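Survey of secondary and tertiary structure
Read off the chains here:
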Amino acid sequence: MTDVTGAPADVLHTLFHSDQGGHEQVVLCQDRASGLKAVIAIHSTALGPALGGTRFYPYATEAEAVADALNLARGMSYKNAMAGLDHGGGKAVIIGDPELHKTEELLLAYGRFVASLGGRYVTACDVGTYVADMDVVARECRWTTGRSPENGGAGDSSVLTAFGVYQGMRASAQHLWGDPSLRGRRVGIAGVGKVGHHLVRHLRDEGAEVVITDVRADAVRRVLDQYAEGVTAVADTQALIRVEGLDIYAPCALGGALNDDTVPALTARVVCGAANNQLAHPGVEKDLADRGILYAPDYVVNAGGVIQVADELHGFDFDRCKAKAAKIFDTTLAIFARAKEDGIPPAAAADRIAEQRMAEGRASHS
């Protein structure tokens, strides 16, 4: 079923009518000369200009790309609110295989589209885009972060993303076991790419045992070659979630990792990872709670990267960013306390806190 524009009706229903919608603006971008097809979704500017990365991914359909942009943009509103940033939420997706379709001409065309929004959306890196790509985009658009230090940027934001997830793990350990130390804990990481391999370092430095998996054998090999002991690998995520004695499970790849199939099989007592949109549907958070599994909301613990790129807009200072990312420990503990007080899962508690901040932002503008 399509609407009068030919777009799938379910996408427009999501945008205008569902609880997952409420977006302020969605821009469809096309540049035939370079082959660019992109979607820029602005969910909210209640707290300031929308800030979120650019994902470059070979979506099966255009409708899937729009749906992903909507979902990711909404998540950024909540992430930025919980991180205490003066930014709303936005996200962009470029349709295509970055290995095949990414060109300088395409990135420049994309930069012109972002620039046309006049600062309502600030872009950065995400899956399939890197610092070098943002340097190209920035040639056409001053509202670009995640650039290289040589071009006035902060460089790789995955460093502080991993640090924030690590702080979330420490807060989870404090809440559940009464001690933030991860020494001797067994942590399973699904995805050891941009963020995951930095997370391994934090955990090994503290003396945690780490079990890893990744769809790319080279990513696994890179980590195993780096650590002589304390790190082992399993074949896939299905094997990882069933590892005996697992204390913490860290989804660090794509979203939807927590679903009706994986949650019943989890051996870990805590889920705390870097992936966005880990809950496949709203009912999953209750399933986790019913099993006694503590869930550290993804958009809270993985906010280190967005804290870094937001700081870049004001003249980047790594120590200032790291200090702000360290507060993810306190924020995560506050969410667990609110969840207990209200008798709701942590994800719902985080949503309430974020929505309150966004409502206050809207009220201040009215």
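Nothing here was measured: the structure is a model prediction, and the numbers come from that model.

Let's shift gears to the sheet that holds strand 9 (residues 248-251). Adjacent strands of a sheet pair through backbone hydrogen bonds, lying either parallel or antiparallel. Taken together, 6 strands build an open sheet; the order of strands is 8-7-6-9-10-11 and the sheet is parallel. Of all strands in the sheet, those with a lone pairing partner are strand 8 (231-233) and strand 11 (294-295), marking the two edges. Bridge analysis of strand 9 against strand 10 (residues 270-271) gives 2 bridges, and the strand direction is parallel. Of the residues in strand 10, the one forming a bridge with Y249 is V271. Strands in contact with helix 7 (residues 196-206) are strand 6 (186-190), strand 7 (209-213), strand 8 and strand 9; relative to strand 6, the strand with the most contacts, it is inclined by about 170 degrees.

The strand order 1-2-4-3-5 describes an open sheet built from 5 strands, whose pairing is mixed. If you trace the sheet from one side to the other, it starts and ends with strand 1 (25-31) and strand 5 (121-125), each paired once. Neighbour-to-neighbour, the strand axes of the sheet open up by a mean angle of 20 degrees, direction not taken into account. Where strand 1 lies against strand 2 (residues 36-44), 7 bridges are found, and the strand directions are antiparallel.

Turning our eyes to something else, we now look at the packing of aromatic side chains. For the structure shown, the criterion picks out 3 aromatic pairs. On the numbers, 5.8 Å between centres and 65 degrees between planes, the contact of Y78 with Y299 is edge-to-face. Here Y78, found in helix 2 (residues 62-82), pairs with Y299, found in helix 11 (residues 298-301); they are 221 residues apart in sequence, far enough to count as distant. In this pair, the class of Y78 matches that of Y299, namely buried. Judged by centre distance (6.4 Å) and plane angle (70 degrees), the ring pair of F316 and F318 falls under edge-to-face. A cation over a ring is seen here: R185 above W177, with NZ or CZ 3.8 Å from the ring centre.

Cut-offs used in this document
- Residues numbered from 1 in each chain as written.
- Predicted model: local features only at pLDDT ≥ 70, side-chain atom pairs only at ≥ 80, totals over all residues.
- Heavy atoms only, no water.
- Pairing = 2+ DSSP bridges.
- Helix = DSSP H or I, 4+ residues; strand = E, 2+ residues; numbered from the N terminus.
- Contact = heavy atoms within 4.5 Å.
- Axes fitted to C-alpha atoms, helices over the stretch in contact; angles between N-to-C directions.
- Phe/Tyr/Trp six-rings, centres within 6.5 Å; stacked < 30°, edge-to-face > 60°.
- Buried < 20%, exposed > 50% of the residue type's maximum accessible area, 1.4 Å probe, protein only.
- Lys NZ or Arg CZ within 6 Å of the ring centre and 35° of its normal.

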